[in-house]
Structures are given as C-alpha cells and as structure tokens.
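Architecture and fold: a report
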Amino acid sequence: MLQPPHQPLQVAAVPAQRTPAREDEAGPWHSEAVCRRDEAGLFFAPSKEPTAARLAREEAAKRVCARCPVMVACREHALMQPEPYGVWGGLTAAERRVALARRRRRDIELTVAAPAERIAAAG
C-alpha cells in the first residue's frame with residue numbers, strides 16, 4: 001500500500017522513532033528493504049532473551065539482510081546514527097561498534113598520513 005508522500009514510510013523492522021529523517025536524496029532507501037516483509041522481532045531482541053536464542057535470531061536476520069538490495073544503505077544509516085540496537089545492514093549492534101571503531105582508527109591514520117605524504121611530494 002502506498003502512503004502519501006508527505007508521510008514517512010513505516011518499516012516493519014524499524015521502530016517508528018528510528019526511521020531515517022532524510023528522504024530527500026535518491027528517495028527513501030528503506031522502501032526497498034527486504035525486512036519490510038519480515039517481523040520486527042527478528043531484528044530486535046526481546047528482553048531477557050537467552051544467548052542461544054539471540055544468536056539464532058541474529059543469524060536469521062542476517063540471512064534476510066544478505067538478500068536485501070539496500071543492505072549497504074541500511075548499514076551506513078545504522079553506522080551514521082549510530083543505531084544502538086538490532087540487526088541493521090547485516091550487522092549486530094556489537095559488530096557495528098567494532099566497525100565504527102575501525103572506521104575511526106582509519107580516519108585518524110589517514111589524517112596523520114596526509115601531512116607526511118604532502119611533505120614527501122614536495123621534497
């Protein structure tokens with residue numbers, strides 16, 4: 001069912017307060033998300049979920065993400081927000097924290113390396 005353009009799309013796997021605020025680029029990426037057809041419970045943990053059940057649920061969610069045409073956009077959204085809960089773009093919250101830490105380290109390394117490269121090019 002299409003919604004009027006002035007109303008944000010509601011994504012089943014994304015709580016309403018977490019839908020992307022900006023839809024003015026190439027259109028809302030989440031409108032093409034495969035998870036729109038799945039239950040939100042697959043992507044977000046119930047309270048007091050046993051570890052084995054959480055791991056199985058996260059793997060099932062990642063399988064859905066693996067076939068999604070907007071997985072990269074979803075992952076970038078989750079990394080830029082940053083989304084503290086759930087499986088987004090095929091990554092769990094813990095995996096996103098690791099990815100963000102790696103990205104920060106890479107950015108710092110590039111910032112430090114840039115002046116050295118300019119000096120070498122000038123000399």
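A brief report on the enclosed structure follows. (Residues numbered from 1 in each chain as written. Predicted model: local features only at pLDDT ≥ 70, side-chain atom pairs only at ≥ 80, totals over all residues. Heavy atoms only, no water.)

**Some remarks on the overall build of the protein chain**
The helix and strand inventory of the protein chain stands at three helices and zero strands. Secondary structure elements of the protein chain, listed N to C terminal, follow the sequence α-α-α. Each of the 123 residues in the protein chain was classed as buried or not, and the buried ones make up 31%. A separation threshold of at least 6 residues defines the contact pool for the protein chain, and within that pool the share at least 24 residues apart is 46%. (Helix = DSSP H or I, 4+ residues; strand = E, 2+ residues; numbered from the N terminus. Buried < 20%, exposed > 50% of the residue type's maximum accessible area, 1.4 Å probe, protein only. Contact = heavy atoms within 4.5 Å.)

**Overview of unusual backbone geometry**
A cis amide bond links Gln-81 with the next residue in sequence, Pro-82, at an omega value of -20 degrees. Structurally, Pro-82 can be placed in the loop between α2 (71-80) and α3 (93-122). We note that Lys-48 has phi near 55 degrees; this positive angle belongs to a residue other than glycine.

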